[in-house]
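Remarks on the overall topology
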Amino acid sequence: MQIPNHIAFIMDGNGRWATSRLLPRNAGHSEGVKALKRVINGCMKYGVKVISLYAFSSENWKRPEKEVKELFRLLKTFFTRDLLHLCNKPFRVNYMGDIDALPSDVKEGMIKCMRDTADVEEYVVNIGINYGGRDEICRAVNKMISAGIDHVDEQTLSSYLDTAGLPDPDVIVRTAGEMRVSNFMLYQLAYSEFIFLDKYWPDMKEDDVNTIIEEYNTRHRKFGAL
Ligand code: IPE
Ligand code: IPE
Ligand code: MG
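In this text, all values refer to a predicted model and were calculated from it rather than measured experimentally.

What follows deals with unusual backbone geometry. Excluding glycine, residues mostly carry a negative phi; peptide bonds, for their part, are mostly trans. Positioned with a positive phi, N130 is a non-glycine residue whose angle comes to about 50°. In this structure, N130 sits in strand β4 (residues 124–131).

Strand order in the open sheet made by the 6 strands is β3-β4-β2-β1-β5-β6, with parallel pairing throughout. In this open sheet, the two strands that pair with only one neighbour each are β3 (92–96) and β6 (193–196). Geometrically, the sheet is characterised by an average inter-axis angle of 20° between neighbouring strands, direction not taken into account. Bridging between β3 and β4 involves 5 bridges; their strand directions are parallel.

Attention shifts here to the site of ligand 1. Around ligand 1, the neighbouring residues are M11, D12, G13, N14, G15, R16, R25, H29, A55, N60, R63 and L71. Within the contact set of ligand 1, an oxygen atom lies 2.9 Å away from a backbone nitrogen or oxygen of G15. Here ligand 1 has 380 Å² of accessible area as a free molecule, and 87% of this is covered by the chains. Broken down by element, the shell around ligand 1 gets its largest block of residues, 3 residues, from helix α1 (residues 14–19). Per-class residue counts for the shell around ligand 1 are 3 nonpolar, 5 polar and 4 charged.

So, how was this worked out
- Residues numbered from 1 in each chain as written.
- Chains lettered and ligands numbered in written order.
- Predicted model: local features only at pLDDT ≥ 70, side-chain atom pairs only at ≥ 80, totals over all residues.
- Heavy atoms only, no water.
- Helix = DSSP H or I, 4+ residues; strand = E, 2+ residues; numbered from the N terminus.
- Pairing = 2+ DSSP bridges.
- Axes fitted to C-alpha atoms, helices over the stretch in contact; angles between N-to-C directions.
- Near = heavy atom within 4 Å.
- Polar contact = N/O pair within 3.5 Å; in protein donor to acceptor, adjacent residues only side chain to side chain.
- Areas by Shrake-Rupley, 256 points an atom, 1.4 Å probe, with all protein chains shown as cover.
- Nonpolar A, V, L, I, M, F, W, Y, C, P; charged D, E, K, R; others polar.

Here's what the structure looks like:
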């Protein structure tokens, strides 16, 4: 079995999971956090070195204020209480997204996780929060302009993205039957394999990582060659 180096997840369907049970949408987000822990543990069990998770997009601000507030409340608890105790393997926490625009308590929790894990090399949990692929590329371009760079190649641009130093995702998984990218890792997904699962994100179990890896092993990656 070939184990992907990097699996990226577009965690979708929290709202539908809840409404199908006549629960408020926010109940789906709390269950979504539990699924997040199961999936991270599953990936670590199989030795997947980098796990990316799309938690809040730069477009999710369009949602009702009450839902946005609850999402940030859950994320803050996740960062301050749960993230660093998720599994027995040490991992480094990385973020992608414009974190300056986040509520200050959420941002502080995130920065603390990042600092506390900065020295870990082997495993990385990379979280997209206030993240949009287009916004990431624009921020990278502006950083390069500020640095006085006047010629850009692929390597330079990659090194200014929020994923600098991380390998591109081998697999992008989206749950809840939706088959679109929704502004996720637009630059990095050039040769990613896509896996779409019908289940809602809160229904994800550790074992689903096995299904993903099995499906990945049926794919023939060619990178433009024969
Ligand atoms: C994913 O679930 C969580 C976020 C985007 C924050 P959704 O909230 O998008 O769930 P659906 O798509 O409405 O079911
Ligand atoms: C993508 O899901 C964003 C996250 C998973 C954080 P959305 O539910 O926001 O995407 P659309 O609106 O269905 O494209
Ligand atoms: Mg959705």
